[in-house]
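Structural features, examined
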Amino acid sequence: MTQRALDSPGEQPDPVQPPSGPPRGLSASEVAERVARGEVNDVPVRSSRSVTEIIRANVFTRFNLIIGVLWLIMLAVAPIQDSLFGFVIIANTGIGIIQEWRAKKTLDSLAVIGEAKPTVRRDGEAAEVSVSEIVLGDLVELGPGDKVVVDGTVAEADGLEIDESLLTGEADPVIKRTGDAVMSGSFVVAGGGAFTATKVGREAYAAQLAEEASRFTLVQSELRSGISTILKYVTWMMVPTAFGLIISQLVVKDDNFKDSVARTVGGIVPMIPEGLVLLTSVAFAIGVIRLGRKQCLVQELPAIEGLARVDIVCLDKTGTLTEGGMDVTEVRPLNGMDEAYVHRVLAALGSSDPRPNASLQAIIDAHPDGGGWTATRTMPFSSARKYSGASFTEDDGGTSAWLLGAPDVLLGADDPALTETGHLNEQGLRVLLLARVRGELDAPDAASGATPAALVVLEQRLRPDAGDTLAYFEDEHVDAKIISGDNAVSVGAVAQKLGMPGAEHTLDARKLPAEHDEMASAIERNAVFGRVTPQQKRDMVAALQSRGHTVAMTGDGVNDVLALKDADIGVSMGSGSEATRAVAQIVLLDNSFATLPSVVAEGRRVIGNITRVATLFLTKTVYSVLLAVLVVCFQVEYPFLPRHLTLLSTLTIGVPAFFLALAPNKERAHPHFVRRVMRYSVPSGLIAGVATFVTYLLARHHYSGPGALDAETSAATLTLFLVSMWVLAIIARPYTWWRVALVASMGLCFLLVLAVPWLQHFFALKLVGSVMPWTAVAISVVAAAALEVTWRLVGRRFRG
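A short tour of the structure in this document, coming up. All values reported here derive from a predicted model rather than from experimental measurement. (Residues numbered from 1 in each chain as written. Predicted model: local features only at pLDDT ≥ 70, side-chain atom pairs only at ≥ 80, totals over all residues. Heavy atoms only, no water.)

We now examine the overall build of the chain. Scanning the chain from terminus to terminus reveals 27 helices and 21 strands. Within the chain, the proportion of its 800 residues that are buried is 58%. Pairs at least 24 apart in sequence give 73% of the contacts found in the chain among residues at least 6 apart. For the chain, the exposed area adds up to about 32,000 Å²; of that, 59% sits on carbon and sulfur atoms. (Helix = DSSP H or I, 4+ residues; strand = E, 2+ residues; numbered from the N terminus. Buried < 20%, exposed > 50% of the residue type's maximum accessible area, 1.4 Å probe, protein only. Contact = heavy atoms within 4.5 Å. Areas by Shrake-Rupley, 256 points an atom, 1.4 Å probe, with all protein chains shown as cover.)

Okay, structure coming up:
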């Protein structure tokens, strides 16, 4: 952000409005009249999909339609056990709807907690109301960080500067005076005032944009777009393969019609990775619920995934590493200034600002008497300027003008007070300089010609959980960068107190190169940056992104808005300004920086586990397509009935995938989801399909007479189960006690089916003799060895 603020040559600050008769706003009766006429800001802003949309999204899918048709066919021509896949789909869809509905309830309740509450003046009294309660003609008060929620006209202005970059793309703040228009979606960067609402509801400039931007969505993430790509490829493979299988089983083979139909459906159904989309939705929904319990509002669902991919997190010191409040520990007069007089000046400065920032609030707490002076002109604090100021008429009738801000900005490079300031900064203390302006406050050289009067030493309150959070990022190989508007040495000292690695590598942002590549190199070399302007924060994010980094930005102040908006993931504190909460994808409602590792962990869990289970689902799709192609080429009966593949899918994919998708997973997310899944699932599916078909062909030569097809199917089913179990065993690594128990229990369930007579009959599975069953086991062992070799080769060839 460039300095088009009040310190620019030729700019005139707005004079303080005299206290005579400020606008009182609407009366209660006028508000009631406007509500009756429907002149209310009734834009429906939803944080989640409606129940109807949730049901429609989960029920009316392409694959549910295909499976539904096949299910109806099977109900008409085959026993109920061959129609089990349809009941599984109904159960899965129901689970998906229930989980997303739970996520919706969580999001809606959190959205109410985190909703902006603008201050409206009615009958001369200021009160907070919800955005939807603003009516046409309301007088809405503004302060630093407040978002303009409806369109209006400025009624009061006290150094009011508004950033309209989110609407116009123009980064420079715009000075607003009485009568100027303000647009919804902009926000205050300095000063204060009030505006009269002229457009509310859907007529407001940014209403539609705001409604759309704040809507909860399950789309536009690499994970979900990757799954959509996979499903598109599956459809292309499935249609011609299924058509060939139908011809092969119904026309070429002149067998029992119903049995042919059953085996045809048995070949088509497993090609569809029907549970993959469901599990992805469930994993995301449960992630929202888990984070919601920790008071973390996920405004855009892909943010869970995005934060898991982050390799650099940029932290704003104030409000993130330190708590918002500060304490004045010492006031050191300079140049022989009288200490009592300095205290009077500080008290007057505190009383002159109706919306003090944290530093000025600490001064007010230390000097609560107000000074008794009259403010004649004020200059609100600006992040770009790094100082604020005011002119006074003192109680003896004299006049004076003062500045309060960063010593290294207000003092010359050779001023001895800077040495004193440096020693204090090295202790992690924050130092402000009080300086007297020789001429007028609005003079172009007011800052450069000011006389130092005192150093105000502030102690910042460290967040007790910040050190552990920084240690977490270090352990997870995520680089933390502290980006602050404060003195770099002071910020570095705070970071060192928290044990942050690299905290000794500090850099004054005024020395940062402007060119992106050089800037990125400087940022990668250092960990702590001070005197960073809002525009520089934005440039630093862009420079890191140009190097291929995935960048998260945290902050709570209005000076963080532009960087939050441009970062891959923006994280705002719940107590932060309305503007930061509006642009951030994640809001930490309890203001706890310690919640951030939970968000990262949740994202890694979702992405890592979905990658695992997607490999399971796609392996099944590949071997199903391959078996169908081989059946058509060799002109033989399809080896399986739907009941066989329903059993295999349940034991080797469905049940294990559900547990694996919700398990802890700390592995950092990697890009190229589709490529990573396909390079494992394609060779695994090919090995499983070939091994199964070899067993089937051997069984066809071994068995003869009545019941031969059932025996052949049973031998092929045994091979496919064992190979699929080995794929599951590989995916379940690294092993924990529950993962071993999960794999073992699935194997025991299959043994139970083979051992219990009524289950044998229900699933039409009975191993005949000993030669083919042991042959099936031997072929499975060879296939398992091939799987191990293939996975190791793929892992070595495509590391990361």
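Close contact between helix α21 (residues 596-634) and helix α23 (residues 673-702) brings their axes to 6 Å; oriented N to C, the two are set at 40°. The angle between α21 and α23 falls in the class oblique. Once α21 is placed against α23, the crossing between them reads as right-handed. (Axes fitted to C-alpha atoms, helices over the stretch in contact; angles between N-to-C directions. Parallel < 35°, antiparallel > 145°, perpendicular 65-115°, else oblique. Left-handed = near helix turned anticlockwise from the far one by under 90°.)

Turning to the pattern of salt bridges, a few remarks are in order. Any two side chains of opposite charge can pair, given that their charged atoms come close. Tallying each qualifying case throughout the model produces 20 salt bridges. A salt bridge links Arg605 to Glu602; the shortest N-O distance between them is 2.5 Å. Highlighted residues: Arg605 and Glu602, both in helix α21, separated by three residues, approximately one helical turn. Note on Arg605: relative accessible area 3%, which makes it buried. (Salt bridge = Lys/Arg side-chain N within 4 Å of Asp/Glu carboxyl O.)

Turning to the packing of helix α17 (residues 516-525) against helix α18 (residues 534-546), a few remarks are in order. Where α17 contacts α18, the axes come no closer than 8 Å and their chain directions differ by 90°. Relative to α18, the element α17 lies roughly perpendicular. Along its contact with α17, which presents His516, Met519, Ala520, Ile523 and Glu524, the element α18 presents Asp539, Met540, Ala542, Ala543 and Leu544. In the contact of α17 with α18, the residues fall into seven nonpolar, one polar and two charged. (Nonpolar A, V, L, I, M, F, W, Y, C, P; charged D, E, K, R; others polar.)

On the surface, Val51, Ile55, Val59, Phe60 and Trp101 cluster together into a nonpolar patch covering about 460 Å² of accessible area. If you tally residues by element for the nonpolar patch, the top one is helix α2 (residues 51-59), at three residues. Among the secondary structure elements, Ile55 is positioned in helix α2. You can call Ile55 partly exposed: its relative accessible area is 37%. (Patch = residues over 30% accessible without salt bridge, like charges linked within 9 Å, V, L, I, M, F, W, Y side chains within 5 Å.)

All quantities given are derived from atomic positions and should not be read as evidence of function.
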